[in-house]
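# Structural overview
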Amino acid sequence: MIPAIGIMIAFYIITRMLNLIIEKRKETGFLTMFFAILTILVAIYAIYALITGSTEASELLK
């Protein structure tokens, strides 16, 4: 259950950062865009870690 919540939060973060990048307002600077892209990459890695970590835990219980 906890990994599922983490994955949902990561997808929400990715959605918000993509929204920030796509809208591209005048006050959105280069540094903000850089950190938005960096945040997306970290969220994707977190999803990967949650999925592979839960797979390993279930294998240990067998």
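Cut-offs used in this document
- Along each chain, residue indices are assigned from 1 in the same order as the chain's sequence is written.
- Residue-level local features of this predicted model are given only where pLDDT is at least 70; pairs of side-chain atoms are given and counted only at 80 or more, and the full residue set underlies all totals for whole chains, interfaces and linings.
- As a convention, hydrogens and water are excluded, and side-chain values are obtained from all of the structure's heavy atoms.
- Secondary structure elements follow DSSP: runs of H or I no shorter than four residues count as helices, runs of E no shorter than two count as strands, and numbering proceeds from the N terminus.
- Whether a residue is buried, partly exposed or exposed follows from its accessible area with a 1.4 Å probe, protein chains only, as a fraction of its type maximum: under 20%, in between, or over 50%, in that order.
- Any residue with relative accessible area above 30% and no salt bridge may belong to a patch, with like charges joined within 9 Å and the nonpolar Val, Leu, Ile, Met, Phe, Trp and Tyr side chains within 5 Å.
- Per-residue accessibility takes into account occlusion by the displayed protein chains alone, with areas from the Shrake-Rupley method and a 1.4 Å probe.
- Whenever a carboxyl oxygen of Asp or Glu lies within 4 Å of a side-chain nitrogen of Lys or Arg, that contact is scored as a salt bridge.
- Aromatic pairs are defined between Phe, Tyr and Trp rings, using the six-membered ring for Trp, whenever the two ring centres lie within 6.5 Å; interplanar angles under 30 degrees are classed as stacked, those over 60 as edge-to-face, and all others as tilted.

### A word on the environment of isoleucine 51
- Within the secondary structure layout, isoleucine 51 lies in helix α2 (residues 30-60).
- Judged by its relative accessible area of 42%, isoleucine 51 is partly exposed.
- Through-space distance from the C-alpha of isoleucine 51 to that of glycine 6 is 9.9 Å; in sequence the pair is 45 residues apart.

### Some thoughts on a nonpolar patch on the surface
- A cluster of nonpolar residues, Phe30, Leu31, Phe34, Phe35, Ile37, Leu38, Leu41, Val42 and Ile44, forms a patch on the protein surface that exposes about 920 Å² of accessible area.
- Relative to the helices and strands, leucine 41 resides in helix α2.

### Some thoughts on the packing of aromatic side chains
- Going through the model one piece at a time under the given rule, you end up with two aromatic pairs.
- Centroid distance phenylalanine 34 to phenylalanine 35: 5.5 Å. Interplanar angle 65°. Geometry classified as edge-to-face.
- Seen in terms of ring centroids, tyrosine 45 and tyrosine 48 are 6.5 Å apart; in terms of plane orientation they differ by 40°. Their pairing is tilted. Taken together, the residues span about one helical turn, with tyrosine 45 and tyrosine 48 both in helix α2 at a distance of three residues.

Honestly, it's all geometry; don't read function into it.
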